[in-house]
Amino acid sequence: MRDLGSGFRYFLKGQRWVARHGSQYGFGLIPGLITLVLYAATLVALALWGQDLVAWSTPFADDWSSPWRGLFRGLLTAVLFALGLLLSVVTFTAVTLLIGQPFYENLSEKVDRDVSPDGTAPESGLPLWRELWISGRDSLRIVVRAALWGVLLFAAGFIPVVGQTAVPVLGVVVTGFFLTEELTAVALQRRRVELRERLALLRSRKRLVWGFGTPLAAAFLVPFVAVFLMPGAVAGATLMARELSGEETREDEPAEPEKVTW
């Protein structure tokens with residue numbers, strides 16, 4: 001239970017950090033806004049033309065009598081949109097982090113320097129193109145795993161009682177784990193921690209991960225909230241990555257906010 005509380009405190013500490021560093025918060029909003037526009041356009045397109053897509057992909061139902069053809073295709077259209085919505089929630093962080101890699105790298109380094117006793121931040125020593133390649137490759141792997149979980153949970157949602165009670169809760173917990181992995185990856189990749197090691201590290205502190213990721217996943221279900229919480233989520237994940245890496249963190253807060261330097 002102690003780790004659950006610690007994880008939630010990291011969530012709050014990250015939001016407080018960006019609140020004290022307004023310029024960093026402003027830069028951190030840009031990738032989320034870009035991703036939000038892309039996802040909104042995709043979901044609108046799915047809502048407008050999803051029924052046509054279902055009709056095209058189910059030609060065997062053309063000869064069905066009414067109302068069965070309409071009910072069948074209407075159900076598939078609803079399932080398609082719901083699955084798209086679920087995947088958008090699960091993948092939003094990965095896509096935002098990929099688009100905003102330079103922004104969040106800068107933010108994460110600022111957090112490290114701010115709380116490090118010696119004022120330094122770990123550096124990967126890799127060129128930007130290499131960091132982007134590793135980030136994209138690892139994000140794709142995580143998205144595939146998250147998508148598999150999403151399909152399983154979506155199917156389990158049709159189980160009476162369990163599907164309406166336990167499955168939604170489990171879905172938020174699972175989403176929280178993958179969100180935490182994606183967010184801590186920003187700081188851990190600079191420490192040259194590979195994906196397999198990161199997953200093992202997070203699994204060894206599951207309660208800490210759940211305490212941080214579960215409330216974040218629940219908040220991300222609310223439209224537009226993810227955009228405004230992302231900068232603080234990256235900051236909080238950086239603080240948590242320091243604990244996972246066994247690094248000392250200075251707890252006192254600076255009196256003056258830092259200015260952005262690129």
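In what follows, the structure referred to is the one given above.
In this text, all values refer to a predicted model and were calculated from it rather than measured experimentally. (Residues numbered from 1 in each chain as written. Predicted model: local features only at pLDDT ≥ 70, side-chain atom pairs only at ≥ 80, totals over all residues. Heavy atoms only, no water.)

1. Some remarks on the environment of Val-115
Position of Val-115 among the secondary structure elements: in helix α4 (residues 101-115). Not counting the four nearest positions on each side in its chain, Val-115 is found in contact with Leu-239, Arg-242, Glu-248, Thr-249 and Arg-250. (Helix = DSSP H or I, 4+ residues; strand = E, 2+ residues; numbered from the N terminus. Contact = heavy atoms within 4.5 Å.)

2. Observations regarding the nonpolar core
Soluble globular proteins tend to bury their nonpolar side chains together. Ranked by internal contacts, the top residues of the largest apolar core, which has 42 residues, are Leu-183, Phe-212, Leu-216 and Met-230. Those elements giving two or more residues to this core turn out to be α1 (2-20), α3 (68-99), α4, α5 (128-156), α6 (162-190), α7 (195-203), α8 (206-220) and α9 (225-244). In terms of residue count, the dominant contributor to this core is α9 (11 residues). What Phe-212 contacts, discounting residues up to four positions off in sequence, is Gly-7, Phe-8, Tyr-10, Phe-11, Thr-180, Leu-183, Ala-233, Gly-236, Ala-237 and Met-240. (Core = buried A, V, L, I, M, F, W, Y, C linked by side-chain atoms within 4.5 Å. Buried < 20%, exposed > 50% of the residue type's maximum accessible area, 1.4 Å probe, protein only.)

3. Observations regarding the pattern of salt bridges
For side chains of opposite charge, pairing can occur when their charged atoms come near one another. Using the criterion set out here, one finds 16 salt bridges in the structure. Between Glu-194 and Arg-137 there is a salt bridge, and its shortest N-O distance comes to 3.8 Å. One end of the pair, Glu-194, is in the loop between α6 and α7; the other, Arg-137, is in helix α5, and 57 residues separate them in sequence. The partner of Glu-247 in a salt bridge is Arg-242, and the shortest N-O contact between them spans 3.4 Å. Classification of Glu-247 by relative accessible area gives partly exposed; the value is 27%. Of the residues examined, Arg-242 reaches a relative accessible area of 3% and is grouped as buried. The network of salt bridges with common partners includes Glu-105, Asp-112, Arg-190, Arg-191, Arg-242 and Glu-247. (Salt bridge = Lys/Arg side-chain N within 4 Å of Asp/Glu carboxyl O.)

4. Side note on the packing of aromatic side chains
This model, assessed by the stated rule, comprises 3 aromatic pairs. Where Phe-11 meets Phe-212, the ring centres are 6.4 Å apart and the plane angle is 75°; that geometry is what we call edge-to-face. Residue Phe-11 is located in helix α1, and its partner Phe-212 is located in helix α8; the two are separated by 201 residues in the primary sequence. Overall, Phe-212 belongs to the buried group, its relative accessible area being 0%. Through a chain of ring-to-ring contacts, the aromatic side chains of Phe-8, Phe-11 and Phe-212 assemble into a single cluster. (Phe/Tyr/Trp six-rings, centres within 6.5 Å; stacked < 30°, edge-to-face > 60°.)

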